Amino acid sequence: MPSTSSTSISIPDLRERFDGRVTAPGDPGYDQARKVFYGKWDRRPAAVIRPTSAAEVARVVGLARDRGLELAVRSGGHSLAGHSASDGGIVLDLSAMTALEVDRRDGTAWAQTGLTAGAYTKAVGADGLATGFGDTGSVGIGGLTLGGGVGFLVRKHGLTIDNLLAAELVTADGRVLQVDAEAHPDLFWAIRGGGGNFGVATRFRFRLHELPSIVGGMLLLPATAQVIADFMAAAEAAPEELSAIANVMVAPPMPFLPASAHGQLVVMAMLAYAGDAEAGERAVAPFRALAEPLADMVRPMPYAGMFPPEEEFHPTAVGHTMFVDRVDGTVADTIVEHLQPSDAAMRAVQLRALGGAVARVPVEATAFAHRHSRIMANVAAFYDGPADRDRRQAWVDGLAAALHQGDDGAYVNFLGDEGPERVQQAYPGPTWDRLVEVKRRYDPDNLFRRNQNIPPG
Ligand SMILES: Cc1cc2nc3c(=O)[nH]c(=O)nc-3n(C[C@H](O)[C@H](O)[C@H](O)COP(=O)(O)OP(=O)(O)OC[C@H]3O[C@@H](n4cnc5c(N)ncnc54)[C@H](O)[C@@H]3O)c2cc1C
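Residues numbered from 1 in each chain as written. Predicted model: local features only at pLDDT ≥ 70, side-chain atom pairs only at ≥ 80, totals over all residues. Heavy atoms only, no water.

Undergrad: Got a minute to help me understand the nonpolar core in this structure?
TA: When a protein is soluble and globular, its nonpolar side chains tend to lie buried together. Phe231, Val267 and Leu351 are the most contacted members of the largest nonpolar core, which has 52 residues in total. Ranked by the residues each element gives to this core, the list is headed by helix α8 (residues 225–237), at eight residues. Excluding its chain neighbours within four sequence positions, the residues that come into contact with Phe231 are Leu221, Ala244, Ala246, Val267, Ala269, Leu271, Phe287 and Leu290. Counting residues in hydrophobic clusters, the runner-up holds 40 residues, among them Tyr120, Leu164, Leu177 and Ala201. (Core = buried A, V, L, I, M, F, W, Y, C linked by side-chain atoms within 4.5 Å. Buried < 20%, exposed > 50% of the residue type's maximum accessible area, 1.4 Å probe, protein only. Helix = DSSP H or I, 4+ residues; strand = E, 2+ residues; numbered from the N terminus. Contact = heavy atoms within 4.5 Å.)

This is the structure we're talking about:
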């Protein structure tokens, strides 16, 4: 995409218009302001602007549109494709918009999109309430929600978008729209899975669930093919209250692990049972029985305990996201055979059992169309500098091809910068055509194009 040179905007003028909340090249905070989660996206925008209201967001959108500047929208900065960074354009950084209004009476919350999943979870958790996001606290609720949202409550309460009741959206023409099932239903359908293609979401209204405590945490098991296959069988057979994420990977030298386990293949599982302690312990027992755990931190705790504080970390990684129907012994063998010989500092296959509440929503109800896919699989490897990248990508591609079982779908939020064909795989069947139609209606000039893009045609 062409980006526009910084000469077409006056930084002093911008600072005046946005009360100084503008960071530009040469400013002391510039390197921090342009930084995103993934270390490979070292982009240099003309300005990073931090609006504080929907009206200001509309002004940033108008500025980018009228000056022909590339516009990158950032909530938590975790885009795998680097879409919330820009070379020469404007970054609209929502991090100053973190208001949260909880309405206990009707069990809903309005949340501004500068909030992270962790901050939202901690705040509503103080009242024993929860909305499900992903597995990492620092991810922004903006990008995560607009792509779908698969996390620790997914089998019990569905995707994040299944708990989205309304949104406030600034469209390309600068209007601030209230969007829900009655008002602009076409947009409300599209933003539930279609990503940032249709406007800047400034607020979301979520359903809250009563969740005074969970039984959850990390369970580390030695990863034989048998354990991996049995783990996924248990995850699919578990009550819907339990959602499980299995990271099959080489054990890092974590202080709580015996030294003999360092460098060995393990299942680093995150389990969350959304219910009372006794039933939770019963639901977790089959996982504990699979092998002698190397570490067992699963315990009753507040849901926010699933999002411990994170150290600042900017990995360089390649990956491939896909869906599979089964992880039986043969599939588990394939995983072990590929992970074992690789010498990447971190290589992993992440497996997430879906089903439950996700599968009960009709495929056509939202723009997330993978309702009947049973397991999400993400293959990933770290690389060490550009020279190392291609061989790590080749390893990822080889393992992904070996795991492919016929489902060509992809979850948009785990896509990297992989080209238009992969974006279409995120929106199979009639979903794509319907999204293109909504895109034409609300963003005919493709102002919102730094995303997994749905071109207006
Ligand atoms: C460590 C890590 C763990 C993850 N775990 C999970 C997980 O468990 N479950 C899951 O579902 N996903 C997960 N993801 C993927 C994550 O959902 C996506 O990367 C998501 O896009 C990140 O959102 P963000 O707001 O942090 O990112 P950003 O980089 O800020 O935004 C990504 C893109 O989303 C769009 N966008 C963001 N905010 C807005 C907005 N307010 N209005 C309009 N468009 C917007 C823009 O197009 C932007 O380029 C994970 C990612 C990482 C890096």
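After that view of the structure, there is still more to cover.
Undergrad: Looking at this structure, I do not really get the site of the ligand. What am I missing?
TA: Within the structure, the ligand sits among 35 residues, and Ser75, Gly77, Ser84, Val150 and Tyr411 are positioned closest to it. In this structure, an oxygen atom belonging to the ligand sits 3.0 Å away from a main-chain N or O atom of His78. In the environment of the ligand, a nitrogen atom lies 2.8 Å from a nitrogen or oxygen atom belonging to the backbone of Ala201. Relative to its free-state accessible area of 940 Å², the ligand is covered by the protein chains to the extent of 94%. Counting residues per element, the shell around the ligand draws most heavily on helix α5 (residues 141–147), which supplies four residues. (Near = heavy atom within 4 Å. Polar contact = N/O pair within 3.5 Å; in protein donor to acceptor, adjacent residues only side chain to side chain. Areas by Shrake-Rupley, 256 points an atom, 1.4 Å probe, with all protein chains shown as cover.)

Undergrad: What should I look at first to understand helix α3 (residues 54–67) in this one?
TA: Given 3.6 residues to a turn, an α-helix orients residues that are three or four positions apart in the same direction. The end-to-end C-alpha separation of α3 is 20 Å, in line with the 20 Å expected for 14 residues at 1.5 Å each. All of the buried residues in α3 are Ala54, Glu56, Val57, Ala58, Val60, Val61, Gly62, Leu63 and Ala64. With its phi angle positive at about 65°, Gly68 sits one or two positions after the end of α3. (Expected span 1.5 Å × (residues − 1).)

Undergrad: Can you help me understand the environment of Val358 in this one?
TA: Mapped onto the fold, Val358 is located in helix α11 (residues 357–360). For the pair Val358 and Arg374, spaced 16 residues apart in sequence, the C-alpha separation works out to 9.8 Å. Sequence-distant contacts of Val358, defined by excluding residues within four places in its chain, comprise Val154, Gly158, Leu159, Asp162 and Arg371.

Undergrad: Would you take a moment to explain the confidence of the model for the protein chain for this structure?
TA: In low-pLDDT regions, the fine details of the predicted coordinates are not to be read closely. This prediction gives the protein chain a mean pLDDT of 96; 98% of its residues lie at or above 70. Low pLDDT, under 50, characterises residues 1–7; the stretch is placed with 15 contacts to residues that sit more than four places away or in other chains. (pLDDT = per-residue confidence, 0-100.)

Undergrad: Help me understand the sheet that holds strand β2 (residues 47–49) in this model?
TA: Strand order in the open sheet formed by four strands is β1-β2-β4-β3, and the pairing between neighbours is mixed. At either margin of the open sheet sits one strand with a lone partner, and together these are β1 (22–23) and β3 (71–74). Note that β1 and β2 share two bridges and pair antiparallel. Bridge assignment links Thr23 to a residue of β2, and that residue is Val48. α3 rests against β2, β3 and β4 (90–93) of the sheet, and its axis sits at about 165° to β4. (Pairing = 2+ DSSP bridges. Axes fitted to C-alpha atoms, helices over the stretch in contact; angles between N-to-C directions.)

Undergrad: Would you take a moment to explain the packing of helix α10 (residues 329–339) against helix α12 (residues 386–403) for this structure?
TA: The relative placement of two packed helices comes down to the angle between their axes together with the axis-to-axis distance. Their axes nearest at 10 Å, the elements α10 and α12 cross at an angle of 170°. Relative to α12, the element α10 lies roughly antiparallel. Here α10 contributes Val331, Thr334, Ile335, His338 and Leu339 to the contact with α12, which in turn contributes Trp395, Gly398, Leu399, Ala402 and Leu403. (Parallel < 35°, antiparallel > 145°, perpendicular 65-115°, else oblique.)

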